[in-house]
Amino acid sequence: MASIFTRIIQGEIPGRIIWRDDHCVAMVDIRPLHRGHVLVIPVSEVDRWTDLPAETATHCLGVAHSIGRAQQEALAPERVGLIVAGFEVPHAHIHVVPIDDMTDLDFSRADTSADPLDLDLVADELRDTLLAHGHGCVT
């Protein structure tokens, strides 16, 4: 059975995708650890990130870097953190999280009732910033 990420990537269920290329997508997390939390997900459904081909893992990290730069500019957090955990969904993914301190990386503090309109606004802000940075894979 396809993961929820695969179903979003294939358009079966909606997602706030802000980046799409042949190797990965990036989308705003609906249960953000902090406002602006984005997931970078390889198109290929591989459970553990260490099982990804090195080229795919490297590509995803490069996209995460671009997303992080956009988050820094658009949302002005103290820093942008990365997490690769893999327990939430059995499909490799990178959490790119704007943070003001280490507590913003605590999964027990995720916002399980994030405002959908704010998630849309965040997606638009990040898309605009990525486009301003010259990225052509923005959706």
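Above this note sits the structure.
Keep in mind the model is a prediction, meaning the values are calculated, not measured.

Calculation rules
- Residues numbered from 1 in each chain as written.
- Predicted model: local features only at pLDDT ≥ 70, side-chain atom pairs only at ≥ 80, totals over all residues.
- Heavy atoms only, no water.
- Helix = DSSP H or I, 4+ residues; strand = E, 2+ residues; numbered from the N terminus.
- Expected span 1.5 Å × (residues − 1).
- Buried < 20%, exposed > 50% of the residue type's maximum accessible area, 1.4 Å probe, protein only.
- Contact = heavy atoms within 4.5 Å.
- Axes fitted to C-alpha atoms, helices over the stretch in contact; angles between N-to-C directions.
- Parallel < 35°, antiparallel > 145°, perpendicular 65-115°, else oblique.
- Left-handed = near helix turned anticlockwise from the far one by under 90°.
- Nonpolar A, V, L, I, M, F, W, Y, C, P; charged D, E, K, R; others polar.
- Lys, Arg positive; Asp, Glu negative; His and termini not counted.
- Salt bridge = Lys/Arg side-chain N within 4 Å of Asp/Glu carboxyl O.
- Polar contact = N/O pair within 3.5 Å; in protein donor to acceptor, adjacent residues only side chain to side chain.
- Arc of directions from axis to C-beta.

Participant: Even after reading the chapter, I still don't get helix α2 (residues 54-75), so can you show me in this structure?
Facilitator: Each turn of an α-helix holds 3.6 residues, which means side chains three or four residues apart point in the same direction. Along its 22 residues, α2 runs 31 Å from first to last C-alpha, staying within 8% of the 32 Å computed at 1.5 Å per residue. Considered for burial, the residues of α2 that qualify are T56, C60, V63, A64, S66, I67, G68, A70, Q71 and L75. Contacts from the buried residues of α2 go to β1 (17-20), β2 (24-28), β3 (38-42), β4 (79-83), β5 (94-99) and α3 (116-132). Once α2 finishes, A76 follows within two positions and takes phi at roughly 55°, a positive value.

Participant: What should I look at first to understand the packing of α2 against α3 in this one?
Facilitator: Between two packed helices, what matters for the description is the angle formed by their axes and the separation of those axes. Put simply, α2 and α3 touch, their axes get as near as 9 Å, and they point 110° apart. One finds that α2 runs roughly perpendicular with respect to α3. By crossing handedness, the relation of α2 to α3 is classed as right-handed. Within the contact between the two elements, α2 uses S66, I67, A70, Q71, E73, A74 and L75 and α3 uses E125, L126, T129 and L130. Its residues assigned to classes, the contact of α2 with α3 comprises six nonpolar, three polar and two charged.

Participant: Where do I start with the side chain of D104 in this structure?
Facilitator: Secondary-structure assignment places D104 in the loop between β5 and α3. No salt bridge is formed by the buried D104; the nearest opposite charge belongs to R109, separated by 4.9 Å. Among the polar contacts made by the side chain of D104, one reaches the main-chain amide nitrogen of D100 at a distance of 2.7 Å. Leaving out residues up to four positions away in the same chain, D104 has contacts with L33, H34, V97 and I99.

Participant: What is the right way to read α3 from this model?
Facilitator: In this model α3 runs 24 Å from its N-terminal to its C-terminal C-alpha over 17 residues, within 8% of the 24 Å that 1.5 Å per residue would give. Buried residues of α3: L119, V122, A123, L126, R127, T129 and L130, and no others. Down the axis of α3, the smallest arc covering the buried residues is 165°, so these residues share one side. Along α3, the residues that are exposed and aim more than 90 degrees away from the buried face are L117, D128 and A132. Where α3 is buried, its residues meet β1, β2, β3 and α2.

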